[in-house]
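Here are the chains, one letter per residue:
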Amino acid sequence: MRPFTYERAESASGAAKSAAETPGARFLAGGTNLLDLMKLEIERPAHLIDVGRLPLARIEETPDGGLRIGAVVSNSAAASDRRVRTRYPVLTHALVAGASPQLRNKATVGGNLMQRTRCAYFYDPAKPCNKRDPGAGCSALGGDARGNAILGASEACVAVHPSDMAVALAALDAAVETVAPAGRTRTIPIDALHRLPGETPHVETSLEPGELVTAVVLPPPPEGRQEYRKVRDRASYAGGLFSLALAGGRLALGAVALKPWRATQAEAALAAGATPAEAADAELAAARGTGRNAFKITLARRVVVDALEGGPTR
Amino acid sequence: MADPPVRAAPRATFQITVNGEARRVDVDLRTTLLDLLRETLGLSGTKKGCDHGQCGACTVLVDGVRINACLSLAVMHEGQQVTTIEGVGLPPDLSPLQRAFLERDAFQCGYCTPGQICSALGMLEEVRRGEPSQETLDLAAEIVPLTDAEIRERMSGNICRCSAYPQILEAIRDVAGPLGAGA
């Protein structure tokens, strides 16, 4: 690990200001992803701003009947909150499908959104990667890219976003609250937070330099069924090969793209009276495999159809 | 913090309570909680397996909550209470779960055992608080029945390369008491 300096933030706006003013600064919350990457020297921050003790650990009702989840609420605390469990079960199911209990106790809601891809080539400093070293090339293209993207990928990057939680947030139409270095706050729809790779896969979110996520806001729960499904190589403590979140009439797919993938084509098809199979086909018409991950297109279609038909979740 | 000497890695001095004893430590900022325990404080009961949060051998309790000590900086825990396997129990005064691991022969090489025991203690508290897992079918229920499937799922963050899982399950079930009534 490279040496760094450290400060414990005393306010969210102060943390954002410090991040903008200090070269090489990164926010540190739970640290479960950042410290792992720092040990591998894939992340080399010169300065850490510890936001873990900011007063952002509350879950509170919003006036319109939704919930605001503070950015440093742990994944475990968010999943266990009685209001989340009863009104947003898809979020609890997605959270407890991710990582291990020890990691969920430490990892935060904000950090979960900001975690980086688990693409094996991103993790291997001996291989070129456009995320680590812009312009170096993508080793996953033509490599052993079994887990990689089938939607929204580019010639520069075929990685996927690893979060389960974010897939549920996409289906719930959540938004993210932030504070910028100058103190300005704004609300970003979850669908606009993460970026597809395009030519610049190292630019992963729409956040400005120094901008800090302070909360996730859930709108009132939608009418209808909520469900999370995850397919992976082992039953627990493994990243997804494909996942799906259903919330009322909304559908989001996970482990298919560099962002949680809101399935708007399928939603529109269903609203127009399409069958589950037709809806799945509408969404996956643009899906492309890059070799060993082509099976994910078939897998995605089958899981989407089964979920829409109301098949058993386990 | 005093200005560090030129080229020296930055350090931090802070207080942390380990197994009930307040300690004042001065460490390179890069020191993980795991390395603080093992290298600085000489508490080698907590084990370093993968050092990347994948195996669970380094599991300790911080303010009663189980975490991977390898994926946390020591300085993040200033002022907090850390419990390691040495704080759970030392011979001859072993805790009920440590005795259950012996009685059930719940290990072979023993390397993962401190992490398994700290993890199980944290897990039982999570169940007492009613926290759900992906095995929990009724999210609205106040009480989570601690079935064998629940124990296995909730312990999935602790790998045992000798594969003593059936005996680890039995040892945990032995001490779970009424929590295991749904098993």
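Located above this text is the structure these notes cover.
Throughout, residues of each chain are indexed from 1 in the direction in which the sequence is written. Key to labels: chains lettered from A, ligands numbered from 1, both in the order written. Given that the model is predicted, a residue must reach a pLDDT of at least 70 before its local features are reported, and side-chain atom pairs must reach 80 or more before they are shown or counted; all residues, however, enter totals for whole chains, interfaces and linings. Hydrogens and waters are ignored; side-chain quantities use all the structure's heavy atoms.

> What's the story with the overall build of chain A in this structure? I'm lost.
The helix and strand inventory of chain A stands at 11 helices and 12 strands. Only C-alpha atoms enter the radius of gyration, while the globule expectation follows 2.2 Å times N to the 0.38, with N the number of residues. A compact globule built from 314 residues would reach a C-alpha radius of gyration of about 20 Å, and chain A, at 19 Å, matches this within 12%. For chain A, the C-alpha atoms occupy an extent of roughly 55 × 50 × 35 Å along the three principal directions. Exposure classes here rest on a 1.4 Å probe applied to the protein chains alone. A residue is buried below 20% of its type maximum, exposed above 50%, and partly exposed in between. Burial analysis of chain A (314 residues in total) assigns 57% to the buried set. In what follows, residue pairs with any heavy atoms lying within 4.5 Å of each other are defined as contacts. The contacts in chain A between residues at least 6 apart in sequence include a share of 61% that link residues at least 24 apart. The helix and strand labels rest on DSSP assignments: H or I over at least four residues marks a helix, E over at least two residues marks a strand, and numbering proceeds from the N terminus.

> Please clarify how helix α10 (residues 276–284) of chain A should be interpreted in this entry.
Since the α-helix advances by 3.6 residues per turn, residues separated by three or four positions end up pointing in the same direction. All names here are of chain A. Among all positions in α10, only Pro276, Ala279, Ala280, Glu283 and Leu284 are buried. The buried side chains of α10 occupy one side of the element, clustering within an arc of 120 degrees when seen end-on. Buried positions along α10 lie against β11 (250–254), β12 (261–262), α9 (264–271) and α11 (295–308). By arc we mean the arc of the directions from the helix axis to the C-beta atoms, nothing more.

> Would you mind going over the nonpolar core with me for this structure?
In summary, soluble globular proteins display a tendency toward joint burial of nonpolar side chains. The criterion is simple. A nonpolar core is a set of buried Ala, Val, Leu, Ile, Met, Phe, Trp, Tyr and Cys residues joined through side-chain atoms within 4.5 Å. One finds A:Ile69, A:Leu91, A:Leu113, A:Leu169, A:Val216 and A:Leu218 to be the most contacted residues of the largest nonpolar core, which totals 38 residues. Elements represented by at least two residues in this core include exactly β5 (67–70), α3 (75–80), α5 (89–96), α7 (109–114), α8 (165–171), β8 (212–218) and β10 (242–247) of chain A. Counting residues per element, this core draws most heavily on α8(A), at 7 residues. Non-local contacts of A:Leu169, meaning those with residues more than four positions away in its chain, are made with A:Leu91, A:Leu113, A:Ala174, A:Ile190, A:Val216 and A:Leu218. Ranked by size, the runner-up nonpolar core spans 34 residues in total, among them A:Tyr6, A:Leu48, B:Phe14 and B:Leu33.

> It is not clear to me how the environment of B:Leu73 should be interpreted in this structure. Could you clarify?
Of note, B:Leu73 is situated in the loop between β4 (65–68) and β5 (81–83). Contacts of B:Leu73, omitting those with residues within four sequence positions, involve A:Phe4, A:Leu28, A:Leu35, A:Leu48, B:Leu29, B:Arg30, B:Thr31, B:Thr32 and B:Leu33.

> Would you mind showing me how to read the environment of A:Thr275 here?
All names here are of chain A. In this fold, Thr275 is placed in the loop between α9 and α10. The class of Thr275 is partly exposed, set by a relative accessible area of 37%. Sequence separation between Thr275 and Ala78 is 197 residues, and the spatial gap between their C-alpha atoms is 35 Å.

> Hey, could you run me through the interface of chain A and chain B in this one?
With 41 residues of chain A at the interface, the matching set in chain B holds 43 residues. Summed over both partners, the interface of chain A with chain B comes to about 3400 Å²; 53% of that surface belongs to carbon and sulfur atoms. Here, a salt bridge means any side-chain nitrogen of Lys or Arg that lies within 4 Å of a carboxyl oxygen of Asp or Glu. Inspection of the chain A/chain B interface yields 3 salt bridges. A salt bridge links A:Arg8 to B:Glu78; its shortest N-O distance comes to 2.9 Å. Buried surface area refers to the total accessible area, computed with a probe of radius 1.4 Å, that the two partners give up upon joining, counted for both partners together.

> How should I be thinking about the pairing of β11(A) in this particular structure?
Along any regular strand, the residues point their side chains to alternate faces of the sheet. All names here are of chain A. In terms of burial, β11 is largely enclosed, as 5 of its 5 residues are buried. Alternating residues of β11 divide into Arg250, Ala252 and Gly254 and Leu251 and Leu253, and every residue in both groups is buried. When DSSP finds at least two bridges between two strands, those strands are taken to pair. Note that β10 and β11 share 5 bridges and pair antiparallel. By the bridge assignment for β11, Ser243 is matched with Gly254. In this antiparallel pair of consecutive strands, β10 and β11, the connection spans 2 residues, and Gly248 shows a positive phi of 60 degrees. Where β11 meets β12, 2 bridges bridge the pair, whose relative direction is antiparallel. Bridge pairing in β12 places Leu253 opposite Trp261. Between β11 and β12, which follow one another and run antiparallel, lie 6 residues, and Ala255 among them has a positive phi close to 65 degrees.

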